[in-house]
Amino acid sequence: MNESDRARQARLRRRFDRAAACYDQFAGVQREITLRLLERLDLVQVDPGCVVDLGAGTGDGATQLGQRYPRAQIIAVDFSHAMLKQGQKGGSAGTPVVADAFQLPFAPGTVDLIFSSSTLQWCLPLTEVLQEISRVLRPGGLLMFSTYGPDTLNELQAAQRAAGMEGGVNEFSDMHPIGDLLLEEGYQDPVLDVERLDASYASVRDLVRELKGIGSSRIESPAAQPCTRDQWQALAEAYPVDNQGRVHATYEAIFGHALAPVSRTRGETATVPVSAIGRGPGG
């Protein structure tokens, strides 16, 4: 990861820290995607001893993984301390660990399953994260993930362009390059598919409020300043509405799973045995 990538990760961390208190209020789409990803675990045979929820946020996925695998050790990993603390307040299951996906604090080959929902889109360059995931997974261990495709929020992107605005919506990768990366990194039997979810809102402001509430977007002018009243008006006029006056947002959800490489190159990193993980972010 270069300096630019590190600076980007720091900005993302601060954004998610700020969103932690209200995240659960706005994360309906993300919860639905997590549920659909959990359902895909029915398609694979796995009896894990150690499960890592990577990008656990406030811990909804970790809690459900604990119910699915009651004998497994569940570890909730997120780079946002505030998100994990919010999860603890809400009674989230799993041992919370503050860590970056680019440098996981686990010894090589000690994790059986990495579950990551709505997270990998933030992990750029993705190649480095896939290498780190393969390092900590045991040979043949399972990576199960969801992320977002390029049609995500296409209505908002088109309306922003029509209103002369830039920024605020991330660029998402297509399913096929992700599959190619998995193969290049030695993952076995990758399976990917796409589902499209439609979310409706009373207004564009409600959509933008939700995106800000989950820490995933910021609507800005080309000069990176907050929107003016005129820009908001132009955005609202450019955004299509249905016959009930509601606006819709598309989420292109990419689901995938693959088995970790049998052989791998192990880089230098700070590692601890999974058995030593036992205390939360508050110490």
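(A) Up close: the overall build of the protein chain. For the protein chain, the count of helices and strands is 10 helices and 7 strands. Expressed as a percentage of the 283 residues in the protein chain, the buried residues total 49%. Excluding contacts between residues fewer than 6 apart, the proportion of contacts in the protein chain whose partners are at least 24 apart in sequence is 81%. In the structure as shown, the protein chain presents an accessible area of about 13,200 Å², 47% of it carried by carbon and sulfur atoms.

(B) Molecular detail of the environment of R13. Looking at the secondary structure, you find R13 in helix 1 (residues 3-19). Its relative accessible area of 28% is what places R13 among the partly exposed residues. Along the sequence, R13 and D100 sit 87 residues apart, while their C-alpha atoms lie 9.7 Å from each other. Those residues in contact with R13 that sit more than four places away from it in its chain are F79 and D100.

(C) Up close: the sheet that holds strand 1 (residues 50-54). Taking strand neighbours across the sheet as the criterion, the 7 strands line up as 3-2-1-4-5-7-6 in an open arrangement whose pairing is mixed. Sheet topology places strand 3 (95-98) and strand 6 (188-201) at the edges, where each strand pairs with a single neighbour. Taking the axes of each pair of neighbouring strands and ignoring which way they run, one obtains an average angle of 20° across the sheet. Across 6 bridges, strand 4 (residues 111-117) lies against strand 5 (residues 137-148) in parallel orientation. Looking at the pairing, V111 lines up with L137 of strand 5.

(D) Region of interest: the packing of helix 6 (residues 126-136) against helix 8 (residues 175-184). At a minimum axis separation of 10 Å, helix 6 and helix 8 run at an interaxial angle of 45°. Judged on the interaxial angle alone, helix 8 and helix 6 are oblique. Handedness of the crossing formed by helix 6 with helix 8: right-handed. Residue-level contacts link L126, T127 and L130 of helix 6 to I178, L181 and L182 of helix 8. Counted by class, the contact of helix 6 with helix 8 contains 5 nonpolar, 1 polar and no charged residues.

(E) Region of interest: unusual backbone geometry. In this structure, the amide linkage connecting L124 to the following residue, P125, adopts the cis form with an omega of 0°. Residue placement: P125 occurs in the loop between strand 4 and helix 6. One non-glycine residue with positive phi stands out, namely L153, at about 60°. Of the residues examined, L153 reaches a relative accessible area of 5% and is grouped as buried. Here the phi dihedral of D189 falls at roughly 50°; this positive angle occurs in a residue that is not glycine. If you trace the backbone, D189 turns up in strand 6. A relative accessible area of 56% means that D189 is categorised as exposed.

(F) Expanded view of the confidence of the model for the protein chain. On average, the protein chain scores 89 in pLDDT, and the residues at 70 or more come to 88%. Below pLDDT 50 for its whole length, residues 219-224 participates in 17 contacts with residues either more than four positions away or in separate chains. Every residue in residues 279-283 scores below 50 in pLDDT, and together they form 12 contacts with partners more than four places removed in sequence or on other chains.

(G) Up close: the nonpolar core. L41, L65, L207, L235, Y239 and Y251 are the most contacted members of the largest nonpolar core, which totals 41 residues. Here this core takes 5 residues from strand 7 (residues 247-259), the largest share from any one element. Those residues in contact with L41 that sit more than four places away from it in its chain are L65, R68, Y69, L113, F115, L142 and M144. Ranked by size, the runner-up nonpolar core spans 31 residues in total, among them L54, C123, M175 and I178.

(H) Structural detail: the packing of helix 9 (residues 204-213) against helix 10 (residues 229-238). Direction vectors running N to C along helix 9 and helix 10 enclose 110°, while the axes themselves pass 10 Å from each other. Our classification of the angle between helix 9 and helix 10 gives roughly perpendicular. On the side of helix 9, the interface is formed by V204, R205 and V208, while helix 10 contributes W232, L235 and A236. By residue class, the composition of the contact of helix 9 with helix 10 is 5 nonpolar, no polar and 1 charged.

Each value, and the rule that gives it
Residues numbered from 1 in each chain as written. Predicted model: local features only at pLDDT ≥ 70, side-chain atom pairs only at ≥ 80, totals over all residues. Heavy atoms only, no water. Helix = DSSP H or I, 4+ residues; strand = E, 2+ residues; numbered from the N terminus. Buried < 20%, exposed > 50% of the residue type's maximum accessible area, 1.4 Å probe, protein only. Contact = heavy atoms within 4.5 Å. Areas by Shrake-Rupley, 256 points an atom, 1.4 Å probe, with all protein chains shown as cover. Pairing = 2+ DSSP bridges. Axes fitted to C-alpha atoms, helices over the stretch in contact; angles between N-to-C directions. Parallel < 35°, antiparallel > 145°, perpendicular 65-115°, else oblique. Left-handed = near helix turned anticlockwise from the far one by under 90°. Nonpolar A, V, L, I, M, F, W, Y, C, P; charged D, E, K, R; others polar. pLDDT = per-residue confidence, 0-100. Core = buried A, V, L, I, M, F, W, Y, C linked by side-chain atoms within 4.5 Å.

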